[in-house]
Amino acid sequence: MSDFLISWSLFWPSYGAGLVSAALLALIGIWVVARREIFLGAAVSQASTLGIALALSLGAWSEAAWAESEGVTAGLAVAAAVATALVSARGGGHGRESGEGLVAWIFLFAASAPTLLLARSPHGLEEIHRLSFSTLLGAQPVDLALLAAALLASAAAAWRLRDPLLLTALDPETASALGVPRRRLVVGVAVWLGICVGFAMRVSGMLYTFGCLVLPALVARRLARESRPLLWLAPAVALSAALPGFALAHTLDVPPAQMTVTLLCAALVVAWVVSRKRVER
Amino acid sequence: MEAEALFTARGLALGYGEHAVLRDVELSVRSGEFWCWIGPNGSGKSTLLRGFLGLLSPLTGELRVAPRLADHARIGYVPQRSELSDALPTTVRELVELGLVRSAVPRAERAAAVREALAHVGLAEMAARDVWSLSGGQRQRALLARALVRRPELLVLDEPTEGLDVATNDALLETLGALHRKASLTLIVVTHRLEIARERADHVALFVDGRVIAGTRDAVLTGGDAERAFAGGRLALP
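Quick caveat, the model's predicted, so the values are computed rather than measured.

Draft legend 1. Highlighting the overall build of chain B. Secondary structure summary: chain B contains 8 helices and 9 strands in total. Its C-alpha atoms give chain B principal-axis dimensions of roughly 50 × 40 × 40 Å. Burial analysis of chain B (238 residues in total) assigns 44% to the buried set. Sequence-distant contacts, at least 24 apart, represent 71% of the contacts inside chain B between residues at least 6 apart.

Draft legend 2. Quick look at the overall build of chain A. Within chain A, the secondary structure is distributed over 11 helices and 0 strands. Against the 2.2 N^0.38 benchmark of 19 Å for 281 residues, chain A shows a C-alpha radius of gyration of 19 Å, consistent with a compact globule. Counting only C-alpha atoms, chain A reaches 55 × 55 × 30 Å along its principal axes. Counting all 281 residues of chain A, 50% fall into the buried class. Residue pairs at least 24 apart in sequence account for 77% of intrachain contacts in chain A once pairs closer than 6 positions are excluded.

Draft legend 3. Just the packing of helix H9 (residues 182–223) of chain A against helix H11 (residues 256–280) of chain A, in detail. All names here are of chain A. In contact at an axis separation of 9 Å, H9 and H11 are set at 20° when each is read in the N-to-C sense. Relative to H11, the element H9 is oriented roughly parallel. When you trace H9 past H11, the crossing you get is left-handed. Residues Ser204, Gly205, Leu207, Tyr208, Gly211, Leu215, Pro216, Leu218, Val219, Arg222 and Leu223 of H9 form the contact with H11, whose participating residues are Ala257, Gln258, Thr260, Val261, Leu264, Cys265, Ala267, Leu268, Ala271, Trp272, Val274 and Ser275. Tallied by class, the residues present in the contact of H9 with H11 amount to 16 nonpolar, 6 polar and 1 charged.

Draft legend 4. Inspection of the sheet that holds strand E5 (residues 75–78) of chain B at higher detail. All names here are of chain B. Within the open sheet, the 6 strands sit side by side as E5-E6-E7-E3-E8-E9. Their pairing is mixed. Of all the strands in the sheet, just E5 and strand E9 (211–216) have a single pairing partner and so form its edges. Taken pair by pair, the neighbouring strands of this sheet meet at an average axis angle of 15°, ignoring direction. Each of strand E3 (34–38), strand E6 (154–158), strand E7 (186–191), strand E8 (203–208) and E9 is contacted by helix H1 (residues 45–52), which is oriented at about 150° to E6, the strand it contacts most.

Draft legend 5. How the structure looks around the sheet that holds strand E4 (residues 60–65) of chain B. Residues and elements named next belong to chain B. Strand order in the open sheet formed by 3 strands is E2-E1-E4, and the pairing between neighbours is antiparallel. A single partner strand is all that each edge strand has here, and the edge strands are strand E2 (19–30) and E4. Neighbour-to-neighbour, the strand axes of the sheet open up by a mean angle of 20°, direction not taken into account. Across 5 bridges, the pairing between strand E1 (residues 5–16) and E4 is antiparallel. Opposite Phe7, over in E4, you have Val65 as the bridge partner.

Draft legend 6. Representation of the environment of B:Val78. All names here are of chain B. Position of Val78 among the secondary structure elements: in strand E5. C-beta crowding within 10 Å serves as the criterion here: with 28 such atoms nearby, Val78 is assigned to the buried category. Expressed as a C-alpha distance, the spacing of Val78 and Gln140, which sit 62 residues apart in the sequence, is 8.3 Å.

Draft legend 7. The arrangement of the pairing of E6(B) in detail. Residue and element names in this part refer to chain B. Most of E6 sits out of view: 5 of its 5 residues are buried. On E6, burial covers both faces: Leu154, Val156 and Asp158 on one face and Leu155 and Leu157 on the other are all buried. Pairing analysis gives 4 bridges linking E5 to E6, with the strands arranged parallel. Bridging across to E6, Tyr77 finds its partner in Val156. Inspection of the sheet shows E6 paired to E7 by 5 bridges, in the parallel sense. If you follow Leu157 over to E7, its bridge partner there is Val189. Crossover connection from E6 via helix H5 (residues 166–183) to parallel E7: handedness right-handed.

Draft legend 8. Quick peek at the domain arrangement of chain B. Residues and elements named next belong to chain B. Annotation of chain B at the domain level lists domain 1 (1–74 + 154–238) and domain 2 (84–152). A straight line from the C-alpha centre of domain 1 to that of domain 2 covers 24 Å. Of the residues lining the interface, 13 residues belong to domain 1; the matching set on domain 2 comes to 11 residues. Broken down by secondary-structure element, the contributors of at least two residues to the side of domain 1 that touches domain 2 are E6 and H5. Ranked by residue count, the leading element in the side of domain 1 that touches domain 2 is H5, at 3 residues. Here the side of domain 1 that touches domain 2 is built from residues that sort into 7 nonpolar, 4 polar and 2 charged.

Draft legend 9. Structural context of the interface of chain B and chain A. With 21 residues of chain B at the interface, the matching set in chain A holds 23 residues. When residues of the side of chain B that touches chain A are traced back to their parent elements, those giving at least two are E5 and helix H2 (92–98) of chain B. Across the side of chain B that touches chain A, the residue classes break down as 12 nonpolar, 4 polar and 5 charged.

The rules behind each value
Residues numbered from 1 in each chain as written. Chains lettered and ligands numbered in written order. Predicted model: local features only at pLDDT ≥ 70, side-chain atom pairs only at ≥ 80, totals over all residues. Helix = DSSP H or I, 4+ residues; strand = E, 2+ residues; numbered from the N terminus. Buried ≥ 20, exposed ≤ 12 C-beta atoms within 10 Å, placed from the backbone. Contact = placed C-beta atoms within 7 Å. Rg over C-alpha atoms; globule rule 2.2 N^0.38 Å. Axes fitted to C-alpha atoms, helices over the stretch in contact; angles between N-to-C directions. Parallel < 35°, antiparallel > 145°, perpendicular 65-115°, else oblique. Left-handed = near helix turned anticlockwise from the far one by under 90°. Nonpolar A, V, L, I, M, F, W, Y, C, P; charged D, E, K, R; others polar. Pairing = 2+ DSSP bridges. Right-handed = clockwise from strand over helix to strand, strands pointing away. Domains from an automatic or database assignment.

Written out as structure tokens, the structure reads:
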């Protein structure tokens, strides 16, 4: 453990970004879980990988340094994630593909295309593998600052809009009937989801992003009796898994993202048992 | 003196895209009236409801809403039970509290409004219960409490008796009747069931073949249009 504490001085931007993105994704993930759009979380994360792959392949083809800059890579990652979230928010309709079908298409396309785009670029392929593998290492202080700002903004918005958001998730028809601007709310959250997932993906990769997006909210949902406490409980669950996850990973010399996600999976099993016992009582 | 009109439709056509589900709707809902909207599935009841609630724009014609209802703060709405998602944990109290979203009830009175609404539907003792541990009838009463907590002037219920047993159905209709009489609440009940219109409502809107025949209960239910609709088996007989 003391070794882990010593490593903070070297890896604090990575640890910090990992913890803050865990809390941020857990908070936004409540909406994803509440609207039964769990697979959307995977598709949005995967789409931002495609955005990053596009930036890298643009750089490889044009040989322009700006194309592979942090700004362009982050911009395309966020743009791809936002586009996916918006397409899914639009949903299906008569004569159109269902929202679920669209999400599946985006996920599969975004999972295949990056490898094809970067098949002849060893550096690009390595980056895509890093994102898929979720290394968490390599975050910069600016990443931590951006994620912290996103967390604060999300927490403030969630606190202010909690009841309209919860009512929209629980009973969208009634929310509209009571004057909640449902469409604007759904599109706004979709855009914000895309921005946050796009940022988090660059720092923490696919597995960690998707895991922190859905697992803490699923755990919190089983433990809480009401919806409002989920707003603090889901981030608390995420941090309770991420912090020991990083420490254990350091001690055992294994990847921290995988360790954290495994702990979250274990927490969900415990939450299932607790919830079951409560129902039986 | 005639009561104030809350909603007035004149030559109204409503639908989706270019397709009109309802045409030439002439209807005026006045303060204190008890309306039943009856018609078969797909006859346009929900479409007109969406139009009244501002969720659907008229294709043609005019739809006027009383200015004080325009922000929806004094409208209570009870959806079909199937609309409620079980994706989040929710107690009865929280469900009712969520009904205060964009309501006109002052913040200082909200806790009392929740208690009153729960007591009104007989669920005060079940406030801490999970909504999904309730029976169908109890859940319907919880949804009614969520609508009442707004202290509405207009209460809209979409198929409120669907799936309820006879006793629960009667109790719910009794509660609605009492609300109408004592609180002078304006009620719109959307239903398949003719007996609700016959026994409870003072006004009826009959949805047949894309048209709405609206007026006082006796005028509508004794007319030939109503007989044709029921004879065709398109509505549920009592």
